[in-house]
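Okay, here's what each chain looks like letter by letter:
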Amino acid sequence: MKNTIIPIPKKNPEGINGKIKAGHLGLRTTDYEATIEWYIEKLGFRLLKKWTAGELNLAYLAPANDDNFWLEVIQDGNLDLNQDAPQSIFTGFQHFCLDVEDVDETLAALREKGVKVIREPFNVPPIGKRCGFITDLHGNMIEFAQNFA
């Protein structure tokens, strides 16, 4: 197969909520503190925020010199780690997040295109975000988030 250089297409302001930007990548772990420390010690990430939501422990980390990409570390205290299940259920990349101006508007536009919404918009006051989730055609979770005051 011959290598082909494909030109980068122009930006598409007519796309759904034309200002979608990468937000963060969610990483599920069974060892919350050790995961945070590993990214800090080994890769030089910075701890931006830690919080809880019900039984979830969450943290935002960012690379040493990049404020545009965040890693969200997630540990679910409700998971039964003694289950006879593959480890991949408890650890690994859980979702990626796209920042939008209006989550409700974005999910409505996606519904019109036949996309299934798996979690309706909800507010997360500790981080000042409104979020909602869909899945792609393979079941991979995608979060949409907007800032709110």
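From a predicted model like this one, the values you see are computed outputs, not experimental measurements. (Residues numbered from 1 in each chain as written. Predicted model: local features only at pLDDT ≥ 70, side-chain atom pairs only at ≥ 80, totals over all residues. Heavy atoms only, no water.)

Enquirer: Is there a simple way to explain the pattern of salt bridges in this structure?
Expert: Any two side chains of opposite charge can pair if their charged atoms end up close together. According to the stated counting rule, one finds 4 salt bridges in the structure shown. The salt bridge involving Asp104 is made with Arg130; its shortest N-O contact spans 2.8 Å. You can see Asp104 sitting in helix H2 (residues 103-112) and its partner Arg130 sitting in strand E7 (residues 129-135), a full 26 residues away along the chain. Note that Glu120 is salt-bridged to Arg111, the shortest N-O span being 2.6 Å. (Salt bridge = Lys/Arg side-chain N within 4 Å of Asp/Glu carboxyl O. Helix = DSSP H or I, 4+ residues; strand = E, 2+ residues; numbered from the N terminus.)

Enquirer: Mind showing me how you'd approach the nonpolar core here?
Expert: Generally speaking, nonpolar side chains in soluble globular proteins are found buried as a group. Within the largest apolar cluster, 11 residues are counted, these being Trp51, Leu58, Tyr60, Ile74, Cys97, Phe122, Val124, Ile127, Cys131, Phe133 and Ala145. Only strand E3 (56-62), strand E6 (117-124) and E7 provide two or more residues apiece to this core. Residues in contact with Cys97, not counting those within four places in the same chain, are Lys21, Ala22, Gly23, His24, Glu143 and Ala145. (Core = buried A, V, L, I, M, F, W, Y, C linked by side-chain atoms within 4.5 Å. Buried < 20%, exposed > 50% of the residue type's maximum accessible area, 1.4 Å probe, protein only. Contact = heavy atoms within 4.5 Å.)

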